[in-house]
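The lines below spell out each chain.
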Amino acid sequence: MIRNSFLVLITAGMAWILLDAVSGYQSREYLNDLSGYYATSGPEETGAANLVTAVVVTYRGLDTLGEVTILFLTATIIGFMLRTSKRREGSVRRATSEVLVTASNVLIPVIFLIGVYIFLNGHLTPGGGFQGGAVLASAMILWIMSQSGTKVSHSLLEITEAISGFGFVFLGLLGIILAGGFLDNTFLSLGTFGKLISAGAIPVIYSLIGLKVGAELSNIILVMNETQEAEQ
Amino acid sequence: MNLPGIEYLSLGLGIVLFLAGLWGIIHQKNIIKIIISFSVLDTSIHLILVSIGYMRNRTAPIIDSAVSKTDAASQVVDPLPQALVLTAIVIGVGITALMLTYALKLFNEKGTLEIDKFKSLKW
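Residues numbered from 1 in each chain as written. Chains lettered and ligands numbered in written order. Predicted model: local features only at pLDDT ≥ 70, side-chain atom pairs only at ≥ 80, totals over all residues. Heavy atoms only, no water.

A few words now on the overall build of chain A. A tally of helices and strands in chain A yields eight helices and zero strands. Burial statistics for chain A: of 232 residues in total, 46% are counted as buried. Contacts in chain A between residues far apart in sequence, at least 24 positions, make up 72% of those at least 6 positions apart. Of the roughly 12,300 Å² that chain A leaves accessible, carbon and sulfur atoms contribute 70%. The centroid of the 12 positive side-chain charges in chain A is displaced by 12 Å from the centroid of its 16 negative side-chain charges. (Helix = DSSP H or I, 4+ residues; strand = E, 2+ residues; numbered from the N terminus. Buried < 20%, exposed > 50% of the residue type's maximum accessible area, 1.4 Å probe, protein only. Contact = heavy atoms within 4.5 Å. Areas by Shrake-Rupley, 256 points an atom, 1.4 Å probe, with all protein chains shown as cover. Lys, Arg positive; Asp, Glu negative; His and termini not counted. Charge placed at Lys NZ, Arg CZ, Asp CG, Glu CD.)

Okay, here's the thing in structure tokens:
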């Protein structure tokens, strides 16, 4: 009882802090200086129609590199912690239903295509590398679910991830040598504004991020699935 | 788009979800439920951040036929919170996967997920 009232007190205190913080909230009328700069100069400087992409890949590209690193670390730790369990031989698995197998054979190529479309058009439409990568990983989940017997090659995923991660950093370093700074995208031609091949290196970098995120999330799912199989 | 008060709806929902997640984290005994509460809290922070970046009578920060390139600063909402939320979502996915892995390891070790049964680190 005492414990519960203590918890209620903590929650109420947090509610008071939050309400106090937002009580004077008003929808703003104009952008602040930094966002205004991104909105005004972003299209000119980066050539990206999607301002969020311009911020994520170019202006705050270093943050994105850190973010990809955190995802990589997570995938590595999960692989390290879970893969030690041995796969038990002769475990009987129920056969996958025919509906799932047939449907996934039709759907997986389409889902893959949508994922690639999303990250290739990251500089023009809503979406980008992370979203496209997540879509690719969802195709992978469907594939693992429908093809229960087949083994998926870990090394293929790891090579994809390594190459795209290396390419991301390499393009960032090219930005230092050929343009203004780390992850500066202007060393490739900015092209026609609003076309697929435009915005310098942004589509290339975002495609690499998409491949990397897709490979990492697929790897996490794969390792979790194999652990589950080993424990049955 | 002219929906009056949608930013208040999103902000209020964010605060309610934040408190629900906090309550779940400190009150629940089952580790899986604590992880779910953490995800709820995570989502609430995204909602609050996006509603802070929202501005009335403006559109998404993408330059197309609806937004002119030269006058973008007076037509689009703040792109910065959206970029931060994009980062936060990805980190949230990673953290959740990591927590679930630890929960699996703990379950393999002790055969239970009740947090009261784990006394090794209590003093």
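A few words now on the nonpolar core. By size, the foremost hydrophobic cluster in this structure holds 36 residues, and its most contacted members are Val56(A), Ile78(A), Phe130(A), Phe168(A), Ile205(A), Tyr206(A) and Ile209(A). Elements supplying a minimum of two residues to this core: helix 3 (51-59), helix 4 (61-82), helix 6 (129-146), helix 7 (154-178) and helix 8 (202-231) of chain A together with helix 3 (79-110) of chain B. The element best represented in this core is helix 8 of chain A, accounting for nine residues. Setting aside chain neighbours within four positions, we find Phe130(A) in contact with Thr64(A), Glu67(A), Val68(A), Tyr206(A), Ile209(A), Val213(A), Leu86(B) and Val90(B). One finds Ala49(A), Leu124(A), Val76(B) and Val77(B) within the second-largest nonpolar core, a separate group that totals eleven residues. (Core = buried A, V, L, I, M, F, W, Y, C linked by side-chain atoms within 4.5 Å.)

For Glu67(A), the position within the fold is in helix 4. If we ignore the near neighbours within four places in the chain, the residues touching Glu67(A) are Phe130(A), Leu86(B), Thr87(B), Val90(B) and Ile91(B).

Let us look at the packing of aromatic side chains. On inspection of all chains with the given rule, the structure shows four aromatic pairs over all chains. Chaining the aromatic ring pairs together yields one cluster made of Tyr37(A), Tyr38(A) and Tyr59(A). (Phe/Tyr/Trp six-rings, centres within 6.5 Å; stacked < 30°, edge-to-face > 60°.)

What follows is about the interface of chain B and chain A. On the side of chain A, 55 residues touch chain B, which itself brings 45 residues to the contact. Buried area between chain B and chain A, both sides added, is near 4,300 Å², and the carbon and sulfur share of it is 73%. Taken together, chain B and chain A are joined by zero salt bridges. Where chain B packs against chain A, one counts four residue pairs in polar contact (both at pLDDT 80 or more). The set of elements that each furnish at least two residues to the side of chain B that touches chain A consists of helix 1 (6-27), helix 2 (31-53) and helix 3 of chain B. In terms of residues, the side of chain B that touches chain A owes the most to one element, helix 3 of chain B, which gives 18 residues. When its residues are assigned to classes, the side of chain B that touches chain A shows 30 nonpolar, eight polar and seven charged. (Buried area = accessible area lost by both parts, 1.4 Å probe. Salt bridge = Lys/Arg side-chain N within 4 Å of Asp/Glu carboxyl O. Polar contact = N/O pair within 3.5 Å; in protein donor to acceptor, adjacent residues only side chain to side chain. Nonpolar A, V, L, I, M, F, W, Y, C, P; charged D, E, K, R; others polar.)

Moving on, we get to the confidence of the model for chain B. Reading predicted coordinates in detail is not appropriate for stretches of low pLDDT. Residues and elements named next belong to chain B. Summary statistics for chain B give a mean pLDDT of 84 and a share of 96% for residues scoring 70 or more. For chain B, helix 3 is the element with the lowest average pLDDT, namely 87, and helix 2 is the one with the highest, namely 90. This prediction of the complex comes with two scores: 0.81 for pTM and 0.79 for ipTM. (pLDDT = per-residue confidence, 0-100.)

Let us now look at the pattern of salt bridges. What the rule picks out here adds up to four salt bridges over all chains. The closest approach of N and O atoms between Asp63(A) and Arg60(A), which form a salt bridge, is 3.7 Å. Given a relative accessible area of 40%, Asp63(A) falls into the partly exposed group. Where Asp116(B) meets Lys29(B), a salt bridge forms, and the shortest distance between an N and an O atom there is 3.4 Å. Of this pair, Asp116(B) sits in the segment after helix 3 while Lys29(B) sits in the loop between helix 1 and helix 2, and the two are 87 residues apart along the sequence. Assessed through its relative accessible area of 38%, Asp116(B) is described here as partly exposed. Sharing partners across several salt bridges, the network here consists of Glu161(A), Lys212(A) and Glu216(A).

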